[in-house]
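Structure assessment
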Amino acid sequence: MANFYTDNPDLRHHLNHPLMEKIVELKERNYSDAAKYDYAPMDFADAMDSYDKVLEIVGDICGGTIADNAEGVDHDGPKVENGRVIYAPGTQENLDLCRKAGLMGMAMPRRLGGLNFPITPYIMAADIVSRADTGFENLWGLQDCAETIYEFADEDQKQRYIPRVCQGETMSMDLTEPDAGSDLQSVMLKATQKPDGSWVLNGVKRFITNGDSDIHLVLARSEEGTRDGRGLSMFIYDKRNGGVDVRRIENKMGIKGSPTCELTYKNAPAELVGSRRMGLIKYVMALMNGARLGIAAQSVGVSERAYREALAYAKDRKQFGKAIIEFPAVAEMLSVMKAKLGASRALLYETARFVDIYKIYEDIAKERSLTADERKEMKHYSKLADACTPLVKGMGSEYCNQNAYDCIQIHGGSGFMKDYACERVYRDARITSIYEGTTQLQVVAAIRHVTTGNYLAMIREYEAQAVREDLQWIKDVLIGLTAQYETAVSAVTAVNDTTYTDFMARRMVEMAGNIIMGYLMLSDANRNEGFSRSAGVYCKLAQSEVARHADFIAAFNPAQIDLYKAE
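What comes next concerns the included structure. (Residues numbered from 1 in each chain as written. Predicted model: local features only at pLDDT ≥ 70, side-chain atom pairs only at ≥ 80, totals over all residues. Heavy atoms only, no water.)

1. Some remarks on the overall build of the protein chain
To keep it simple, the criterion reads: By the criteria applied, helices consist of DSSP H or I runs no shorter than four residues and strands consist of E runs no shorter than two, each listed in order from the N terminus. Both definitions apply: the radius of gyration is a C-alpha atom measure, and the globule rule equals 2.2 Å times residues to the power 0.38. Each residue gets one of three labels from its accessible area relative to the maximum for its type: buried under 20%, exposed over 50%, partly exposed in between, using a 1.4 Å probe on protein chains only. Whether two residues are in contact is decided by their heavy atoms: any pair within 4.5 Å suffices. The Shrake-Rupley method, run with a 1.4 Å probe sphere, supplies the accessible areas, and residue values consider only the shown protein chains as cover.
Helix and strand counts for the protein chain stand at 17 helices and 11 strands. Taking 2.2 N^0.38 as the reference for a compact globule, 567 residues should give roughly 24 Å; the C-alpha atoms of the protein chain span a radius of gyration of 24 Å, in line with that estimate. Projected onto the principal axes, the alpha-carbon positions of the protein chain cover approximately 70 × 60 × 55 Å. Counting across all 567 residues of the protein chain, residues that qualify as buried make up 58%. For the protein chain, restricting intrachain contacts to residue pairs at least 6 apart in sequence, the fraction spanning at least 24 positions comes to 76%. Total accessible area computed for the protein chain in this model is approximately 23,600 Å², and 51% of it derives from carbon and sulfur atoms.

Structure (structure tokens):
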């Protein structure tokens, strides 16, 4: 039986990044919990050993039960009876096993029943779970909603709800409505405060992942007469209190084990989280950033599965007297798939480390005042995380879809049949570039980091790092690509037209992403020779992509933008 952690040495490489020592020491408050909890680490080595052992458990469960159940879950799917969701038998088995293994509430503090994991190893677990069953990762990964309760709810709410999540109860985030998808300012689910100060919710939510969960975070309109984001607040709805029914489960292309629900709220009791009017402006933004990092991890897991399915088939399938992996066209496809996977994973864990540091500092700030240096460092890493999150969600999900496509292509006609897992992987991959903000919305979030120079500043920091002599050629290429990027950005911003900048935004964001991921691959290769070939392949891919976008921008007359107006 495979172990999806130990069979992938890339994961331990990323877990043992030099920045982890700082992250762990901050997270563990210099290991002060060791005296209170017998499972708390005594030092850095002890903490890393704990992460390694838990991830090995995740890998074992995923390589066995969850992966084995994936086909049956895809076939059976969940169903609705009397307004309640009944999971597919395989999904229920997966959840029960994860609960028994203590894999819920992984990132929550020990005092609330969690494992106190940093974001980075938690995201690594999500990567592994997604490889086993992408749809199940949604259910398991929604434990991350507890982070919003931990950050913004009062102490009583934390004490009542977070331990339940750590014990295995499920969560959902109820944001989308029939007329409010990407435009969450249009949410109209009504929150009404009763004379006794309590709240009830009325209305409809749609496309809610795991919509019959035990604990819901709900975005609702609390301010009478408002129509924009300033009238929205965040609420906790507890399924034990009743008032919410599942009207139906959507019949989806993929991730079929994950019930996507339409919900009706009828005087459903709810609790306000934090302050009124801050639901969208503050709380949902934080919630969505965490969700987008989770989808990036999901995308990497799908990419991993797609690459492995394609590689195994290419080694086994013989045509014209030899395995098809020996044909240059197929070998190139596999090399590029592996490079895209490696680049996505490198950016995923770089982003996770950035998130870890600033989030931990935010948590420490609740306990004591930060020093001036700590506040400066928190702001620095917060800015880096803000820049990288839309990049890794957008480009990581696109690479995931490309790898799933190429996996089918390598299988040929067999890949179109349900006899092979790649058909399901292809269907599961498609949603990653849509939910929690489409790729186009990630570009909208990322473009300001192009125009303000944040991405260029990141690139310069990477550029300053020394590399081995045999890797210098990659660095030289990346320096040249940076010059092309700077020229392209200058050409677009010189026009001084918002419409034109928006039109070129995707190209400039992708150029920045190609260069940043190129440097991260270079850094991986510099630490570990096993990454050298993929770093070289990705460098050549980045070279062609940056040149393509640079040429388009250089040859484009802004007046030609009218050609692209939809009819």
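Now that the structure is up, let's keep going.
2. Section: the pairing of strand β7 (residues 232-238)
In plain terms, the rule: Between any two strands, pairing holds if DSSP finds at least two bridges.
When you tally the buried positions in β7, you get seven out of seven residues, the bulk of the element. Relative to β7, strand β6 (residues 215-221) runs antiparallel, the two sharing seven bridges. When the bridges of β7 are listed, L219 appears paired with M234. Sheet topology note: the β7/strand β9 (residues 260-273) ladder contains three bridges and is antiparallel. Within β9, the position partnered with I236 by the bridge is E271.

3. Focus: the pairing of β6
Buried residues dominate β6, accounting for seven of its seven residues. Where burial is concerned, the two faces of β6 agree: the one with I215, L217, L219 and R221 and the one with H216, V218 and A220 are both buried. Note: strand β3 (residues 171-174) against β6, four bridges, orientation parallel. Note on β6: the bridge partner recorded for M171 is I215.

4. A word on the packing of helix α5 (residues 119-132) against helix α10 (residues 328-364)
Note the cut-off: With axes taken as lines fitted to C-alpha atoms, and helix axes fitted only over the stretch in contact, angles between N-to-C directions fall between 0 and 180 degrees. Here a crossing is taken to be left-handed if its near helix is turned anticlockwise relative to the far helix by less than a right angle, and right-handed if that turn runs clockwise. For this classification, Asp, Glu, Lys and Arg are treated as charged, while Ala, Val, Leu, Ile, Met, Phe, Trp, Tyr, Cys and Pro are nonpolar and the rest, including Gly, are polar.
Close contact between α5 and α10 brings their axes to 8 Å; oriented N to C, the two are set at 145°. For the pair α5 and α10, the crossing hand works out as right-handed. Of the residues in α10, those in contact with I119, T120, I123, M124 and D127 of α5 are R345, L348, Y349, A352, R353, V355 and D356. Classifying every residue of the contact of α5 with α10 gives seven nonpolar, one polar and four charged.

5. Quick word on the pattern of salt bridges
For the record, the criterion: Should a side-chain nitrogen of Lys or Arg be within 4 Å of a carboxyl oxygen of Asp or Glu, the pair is scored as a salt bridge.
Counted by the stated rule, this structure contains 48 salt bridges. The residue E71 makes a salt bridge to R424 at a minimum N-O spacing of 3.4 Å. Residue E71 is found in helix α3 (residues 44-76), and its partner R424 is found in helix α12 (residues 421-429); the two are separated by 353 residues along the sequence. Note on E71: relative accessible area 38%, which makes it partly exposed. Note that K359 is salt-bridged to E151, the shortest N-O span being 2.5 Å.

6. So, the packing of helix α4 (residues 89-100) against helix α6 (residues 134-141)
Our working definition: Throughout this description, any angle smaller than 35 degrees is read as roughly parallel, any larger than 145 degrees as roughly antiparallel, any in the 65 to 115 degree range as roughly perpendicular, and the remainder as oblique.
Running from N to C, α4 and α6 cross one another at 45°; their axes reach a closest spacing of 11 Å. Classified by the angle between their axes, α4 and α6 sit oblique to one another. Crossing of α4 against α6: the hand is right-handed. Residue-level inspection shows T91, N94, L95 and C98 of α4 in contact with α6, the latter providing F136, L139 and W140. Across the contact of α4 with α6, the residue classes tally to five nonpolar, two polar and no charged.

7. Describing the environment of A70
Topologically, A70 is positioned in helix α3. Exposure remark for A70: the relative accessible area of 2% places this residue in the buried category. Measuring from C-alpha to C-alpha, the distance between A70 and Y399 comes to 22 Å, with 329 residues separating the pair along the chain. Setting aside chain neighbours within four positions, we find A70 in contact with A132, D133 and R424.

8. Considerations on the packing of aromatic side chains
What counts here: Between rings of Phe, Tyr and Trp, where Trp is taken as its six-membered ring, a pair exists when centres lie within 6.5 Å; planes separated by under 30 degrees are stacked, by over 60 edge-to-face, and by other angles tilted. Only when the NZ of Lys or the CZ of Arg is both within 6 Å of the ring centre and within 35 degrees of the ring normal is a charge said to sit over the ring.
According to the stated counting rule, one finds 16 aromatic pairs in the structure shown. Considering the side-chain rings of Y462 and Y519, the 6.3 Å spacing of their centres and the 25° angle between planes classify their relative orientation as stacked. One end of the pair, Y462, is in helix α14 (residues 454-463); the other, Y519, is in helix α16 (residues 498-527), and 57 residues separate them in sequence. Take Y462 and Y519: they sit in the same class, and that class is buried. Site record: aromatic cluster; members linked through ring pairs are Y500, F503, F552, F556 and Y564. Of note, K322 hangs over the ring of F327, and the distance from its end group to the ring centre comes to 4.8 Å. Of note, K366 hangs over the ring of Y150, and the distance from its end group to the ring centre comes to 5.1 Å.

9. Focus on the nonpolar core
Applied cut-off: Nonpolar core, defined: a set of buried Ala, Val, Leu, Ile, Met, Phe, Trp, Tyr and Cys residues in which side-chain atoms within 4.5 Å join the residues together.
Grouped together as the largest cluster of nonpolar side chains are 151 residues, with contacts concentrated most on W140, L201 and Y455. Ranked by residue count, the leading element in this core is α10, at 19 residues. Core analysis: the second largest hydrophobic core is formed by 33 residues, L142, I149, I215 and Y283 among them.

10. Side note on helix α9 (residues 279-316)
How we decide: Expected span of a helix, by definition, is 1.5 Å for each gap between consecutive residues, and there is one gap fewer than residues. In this analysis the local bend is the angle between axes fitted, respectively, to the seven residues ending at and the seven residues starting at the residue.
The first and last C-alpha atoms of α9 sit 53 Å apart over 38 residues, in line with the 56 Å expected at 1.5 Å per residue. Of all the bends found along α9, the most pronounced is centred on M285 and spans about 30°.

11. Let's talk about the environment of M378
Counting through the fold element by element, M378 comes out in helix α11 (residues 372-411). A sequence separation of 20 residues divides M378 from Y358, and the C-alpha atoms of the two residues are 4.6 Å apart. Not counting the four nearest positions on each side in its chain, M378 is found in contact with Y358, Y361, E362 and L370.

12. Observations regarding α10
For α10, built from 37 residues, the straight-helix expectation of 54 Å at 1.5 Å per residue is met to within 8% by its first-to-last C-alpha distance of 54 Å. Counting buried residues in α10 gives 29 out of 37 residues, a clear majority hidden from the surface.

13. So, the state of the cysteines
When the sulfur atoms of two cysteines share a covalent bond, that bond is a disulfide. Inclusion rule: Count a disulfide wherever a pair of cysteine sulfur atoms falls within 2.5 Å.
On inspection of all chains with the given rule, the structure shows zero disulfides. The cysteine C98 is free of any disulfide, with C62 supplying the nearest cysteine sulfur at 6.7 Å. Given a relative accessible area of 2%, C98 falls into the buried group. Here C261 is not disulfide-linked; the sulfur of C145 is the nearest cysteine sulfur, at 14 Å.

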